[in-house]
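Given next are the chains, with one letter for each unit.
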Amino acid sequence: MRILLLGGGGREHAFAWKLKQSESCKQLYIAPGNAGTNQLGTNVPINPTDFEAIKKFVLESEIEMVIVGPEQPLVEGIVDFFENDLRLSEIQIVGPSKEGAQLEGSKAFAKDFMYDNQIPTAGFREFTKDSYYDGLEYIDNKPTPIVLKADGLAAGKGVVILNDREAAKKEFTAMIEGKFGVASATVVIEDFLKGIEFSVFVLTDGNDYKILPVAKDYKRIGEQDTGLNTGGMGAVSPLPFLDKAMMKEVEEKIIKPTISGLKKKDIAYKGFIFIGLIKVDGKPYVIEYNCRMGDPETEVVLPRLKNDLVTLLASLDNGTLKDQKIEMDERTVSTVMLVSGGYPETYQKGFKIDGLGAINDSLLFHAGTKDADGKVVTNGGRVLAVTSYGDSVSDAVATSKKNAAAIHFEGKYYRKDIGFDL
């Protein structure tokens, strides 16, 4: 099978690594890819949101399957673009329709969807410029901490949790006035939930579903979960605190109502649903949905997945998903993300990365890298995911930390406490 994978981060390198293990993967292209994916397939300099360029490449290269890694093309409607084009409609594309992608593309849509389907989540209200003063009054009467969420996609920076009401009103005002552009034209104010977070990944064809390995990521830049939110500084799978009873509750109260809710609204969905959850007093609540796999969670989920990924994804299209049996490696997998100095704020690119060839007991998934004059250099805020197997969380994390220390580039930073709360 000739496959095109859209995206260029650590998630896509992990996908490429897993896809190449399948005998069904005859040719793999990655658009735009990075210095790591270049070792597994052919990088193609196409932006994942340039639908016309993707169409041209897909037709010329006789692509049979397209896998969409990041959320932006899905939210912008790439699946609908394929299905509405006579020549593209016969090609399998993995991902939800534009309406299905609103589960991630609009916090308000997602919260309304949860409310309509009685899916447990934090209490909330939505505000716009027209209801600005109502929003200020709502903040005045809310207990702290106060959770503010930009409705649309804001590059992972649209969620703010504040302990001070005046700071919350100032941030709310900035959002309404366009801090995140159209993404914060609507602001969702949520009740704060205190507990431990985790992520559940579901593969669905719109009727049936399969649950993939669960994971927990660490979003804050600082150790002990302090400082600014990032796209993710590390992840662990499986999770010691998730027992069969809790997963049964997640399936019955969250996964099944999600799938049936999509069917009720006649929303086409053939792809991944990422459900961000929090365990509060022994009960699971949904924090958010994503319409694709997470990053860096993919870097621990796919190494635990024993199934042939091409076969699994093909089953979304050929009606055999219900017959698939998910097989998992029982070992613990951890990933530690190496990031550029200054991330998630201002950082520099183009620094040479040394030590990559010396790592042999961890998987290295490139996130923000590129080839430059025969050297691998930094090309993003999150640079490399160092992923390791172990018999326990501490064992897997220790191997990742050891190898993180052996890789060098100017300004390198990583958290040394991934898994600290497990």
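Parameters at a glance
Residues numbered from 1 in each chain as written. Predicted model: local features only at pLDDT ≥ 70, side-chain atom pairs only at ≥ 80, totals over all residues. Heavy atoms only, no water. Helix = DSSP H or I, 4+ residues; strand = E, 2+ residues; numbered from the N terminus. Buried < 20%, exposed > 50% of the residue type's maximum accessible area, 1.4 Å probe, protein only. Contact = heavy atoms within 4.5 Å. Areas by Shrake-Rupley, 256 points an atom, 1.4 Å probe, with all protein chains shown as cover. Lys, Arg positive; Asp, Glu negative; His and termini not counted. Charge placed at Lys NZ, Arg CZ, Asp CG, Glu CD. Core = buried A, V, L, I, M, F, W, Y, C linked by side-chain atoms within 4.5 Å. Pairing = 2+ DSSP bridges. 1 Å grid on protein atoms, 1.4 Å probe; cavity = no way out; pocket = protein on both sides within 12 Å on 5 of 7 lines; lining within 4 Å. Points joined across faces, edges and corners; volume = space filled by probe spheres on them. Nonpolar A, V, L, I, M, F, W, Y, C, P; charged D, E, K, R; others polar. Salt bridge = Lys/Arg side-chain N within 4 Å of Asp/Glu carboxyl O. Axes fitted to C-alpha atoms, helices over the stretch in contact; angles between N-to-C directions. Parallel < 35°, antiparallel > 145°, perpendicular 65-115°, else oblique. Left-handed = near helix turned anticlockwise from the far one by under 90°.

## Structural notes on the overall build of the protein chain
Here is step 1 of the chain: Counting its secondary structure elements, the protein chain contains twelve helices and 22 strands.
Here is step 2 of the chain: Its C-alpha atoms give the protein chain principal-axis dimensions of about 60 × 50 × 45 Å.
Here is step 3 of the chain: A buried classification covers 59% of the 422 residues belonging to the protein chain.
Here is step 4 of the chain: Counted over contacts in the protein chain with a minimum sequence separation of 6, partners at least 24 positions apart contribute 70%.
Here is step 5 of the chain: Roughly 17600 Å² of accessible area belongs to the protein chain as shown, and the carbon and sulfur atoms make up 47% of that amount.
Here is step 6 of the chain: When the 51 basic and 61 acidic side-chain charges of the protein chain are each reduced to a single mean position, those positions are 3 Å apart.

## Some thoughts on the nonpolar core
Here is step 1 of the chain: By size, the foremost hydrophobic cluster in this structure holds 53 residues, and its most contacted members are L4, V66, I78 and V200.
Here is step 2 of the chain: Among the elements that make up this core, the one with the highest residue count is helix 9 (residues 244-264) (seven residues).
Here is step 3 of the chain: Excluding residues that lie within four positions of it along the chain, V200 makes contacts with I211, V214, M247, V250, I255, I273, F274, I275 and L277.
Here is step 4 of the chain: If you look at the next biggest cluster of nonpolar residues, it comprises 42 residues, including L19, C25, L313 and A385.

## Thoughts on the pairing of strand 18 (residues 332-339)
Here is step 1 of the chain: Counting buried positions over the eight residues of strand 18 gives eight, a clear majority of the element.
Here is step 2 of the chain: Burial along strand 18 is two-sided: T332, S334, V336 and L338 and V333, T335, M337 and V339, pointing in opposite directions, are all buried.
Here is step 3 of the chain: Of the pairings in the sheet, the one linking strand 15 (residues 234-237) to strand 18 comprises four bridges and is antiparallel in character. Considered in strand 18, the bridge of V236 is made with S334.
Here is step 4 of the chain: Where strand 18 lies against strand 22 (residues 382-390), eight bridges are found, and the strand directions are antiparallel. The partner of V339 across the bridge, within strand 22, is R382.

## A look at the layout of surface pockets
Here is step 1 of the chain: By volume, the second largest pocket is sized at about 480 Å³.
Here is step 2 of the chain: Contributing to the lining of the second largest pocket are 18 residues, with V159, V160, G227, L228 and N229 lying nearest its centre.
Here is step 3 of the chain: Breaking the lining of the second largest pocket down by element, the ones donating at least two residues are strand 8 (159-162) and strand 14 (226-229).
Here is step 4 of the chain: With four residues, the top contributor of residues to the lining of the second largest pocket is strand 8.
Here is step 5 of the chain: For the lining of the second largest pocket, the class distribution of residues is nine nonpolar, four polar and five charged.

## Some remarks on empty space enclosed by the protein
Empty space among the atoms becomes visible once a probe the size of a water molecule is rolled across them.
Here is step 1 of the chain: Under the defined criterion, the tally for this structure stands at two cavities of 30 Å³ or more.
Here is step 2 of the chain: Considering only enclosed or pocket space, the largest cavity measures out at about 60 Å³ in volume.
Here is step 3 of the chain: Forming the walls of the largest cavity are L103, E104, S106, K107, A110, K111, M114, K149, E190, I287, E288 and Y289.
Here is step 4 of the chain: Among the elements of the structure, helix 5 (102-105), helix 6 (107-116) and strand 17 (283-290) are those that each provide at least two residues to the lining of the largest cavity.

## Examining unusual backbone geometry
Here is step 1 of the chain: Note the cis peptide between A31 and P32, where omega equals 0 degrees.
Here is step 2 of the chain: The residue P32 is located in strand 2 (residues 27-32) in this model.
Here is step 3 of the chain: Across the junction of Y343 and P344, the peptide omega takes the value 15 degrees, indicating a cis bond.
Here is step 4 of the chain: Relative to the assigned elements, P344 resides in the loop between strand 18 and strand 19 (363-366).
Here is step 5 of the chain: Although it is not a glycine, E62 adopts a positive phi angle of roughly 55 degrees.
Here is step 6 of the chain: Here E62 lies in the loop between helix 2 (51-60) and strand 4 (65-68).
Here is step 7 of the chain: For E62, a relative accessible area of 57% gives the class exposed.
Here is step 8 of the chain: One non-glycine residue, Q118, lies in positive phi territory at about 55 degrees.
Here is step 9 of the chain: Residue placement: Q118 occurs in the loop between helix 6 and strand 6 (124-127).

## Re the pattern of salt bridges
Here is step 1 of the chain: Considering all chains together, one arrives at 24 salt bridges under this definition.
Here is step 2 of the chain: Residues D295 and R382 are paired through a salt bridge, measuring 3.9 Å at the closest nitrogen-oxygen approach. In this pair, D295 is assigned in the loop between strand 17 and helix 10 (298-304) and R382 in strand 22, connecting sequence segments 87 residues apart.
Here is step 3 of the chain: D354 is paired through a salt bridge with K352; the nearest N and O atoms lie 2.2 Å apart.
Here is step 4 of the chain: Residue D354 is classed as partly exposed on the basis of its relative accessible area of 35%.
Here is step 5 of the chain: A single network of salt bridges, built from pairs that share partners, joins E71, E104 and R292.

## Some points on the packing of helix 7 (residues 132-140) against helix 8 (residues 165-176)
Here is step 1 of the chain: At their nearest, the axes of helix 7 and helix 8 sit 10 Å apart, and the two run at 160 degrees to each other. Looking at the two axes, helix 7 sits roughly antiparallel to helix 8. The crossing of helix 7 and helix 8 is right-handed. Contacts from Y132, G135, L136, I139 and D140 in helix 7 reach R165, A168, K169, F172, T173 and I176 in helix 8.
Here is step 2 of the chain: Tallied by class, residues from the contact of helix 7 with helix 8 come to six nonpolar, two polar and three charged.

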